[in-house]
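Secondary and tertiary structure notes
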Amino acid sequence: MPAHRHLVPSRAAKGHLTLDEAALRHWGHELGRTANPPLIITLTGDLGVGKTTLAQSICRGYGVEDEITSPTYALVHEYRAAKSPVFHIDLYRLDSPDQLTNLGWDEIVSSRALVLVEWPERAGARLPDDHLPIDLDYTPEDPTRRILLAG
């Protein structure tokens, strides 16, 4: 979504930031604060890299006041915020994109909501092209920091 691409700070070398957890949380909070629905944000990265931490921060910035937990086993959590509903989806346990139908995928991604999707590659061709991709990776030289690529 072009309107949100400005969120990658201009000082980011080669289009990425290296952040510790506090900075990652702050960045996510600011993204959530400035986000407007409908918006689909995809979060990609290895297990434990911080996708759920970032999703929680985005939700907080967006105005979600409820406890925000990982949807690993429930697959979808829905939260309320003043701007719109928020759907936090974790596709890790899906075997095929066909299983998205049982989650109400088509209704969710076409709704006027903020949609956060972890493990979006498991949605295959059913992932809308019009989304904001965010990739997280470990920094080889410092296990307390993460590389963030957005847009």
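Residues numbered from 1 in each chain as written. Predicted model: local features only at pLDDT ≥ 70, side-chain atom pairs only at ≥ 80, totals over all residues. Heavy atoms only, no water.

For the structure shown, the criterion picks out one aromatic pair. Considering the side-chain rings of Y92 and W119, the 4.8 Å spacing of their centres and the 55° angle between planes classify their relative orientation as tilted. Placement of the pair is Y92 in the loop between β4 (85–90) and α3 (105–109) and W119 in the loop between β5 (114–118) and β6 (132–139), with a sequence separation of 27 residues. You can call Y92 partly exposed: its relative accessible area is 32%. (Phe/Tyr/Trp six-rings, centres within 6.5 Å; stacked < 30°, edge-to-face > 60°. Helix = DSSP H or I, 4+ residues; strand = E, 2+ residues; numbered from the N terminus. Buried < 20%, exposed > 50% of the residue type's maximum accessible area, 1.4 Å probe, protein only.)

Further remarks concern unusual backbone geometry. One can expect most non-glycine residues to show negative phi and most peptide bonds to be in trans. With omega at -5°, the peptide bond leading from P37 into P38 counts as cis. Mapping P38 onto the fold places it in the loop between α1 (21–34) and β2 (39–44). Positive phi, normally seen in glycine, also occurs at L75, with a value near 75°. Assignment of secondary structure puts L75 in the loop between α2 (51–62) and β3 (76–80). Look at L75 and you get buried, because its relative accessible area is 16%.

Attention now goes to the side chain of R146. Along the chain, R146 turns up in strand β7 (residues 142–150). The side chain of R146 sits in the buried core without any salt bridge; E21 is the nearest counter-charge, 7.1 Å away. For R146, the side chain forms a polar contact with the main-chain oxygen of P143, separated by 2.8 Å. Setting aside chain neighbours within four positions, we find R146 in contact with L17, T18, L19, G48, V49, D137, Y138 and T139. (Lys, Arg positive; Asp, Glu negative; His and termini not counted. Salt bridge = Lys/Arg side-chain N within 4 Å of Asp/Glu carboxyl O. Polar contact = N/O pair within 3.5 Å; in protein donor to acceptor, adjacent residues only side chain to side chain. Contact = heavy atoms within 4.5 Å.)

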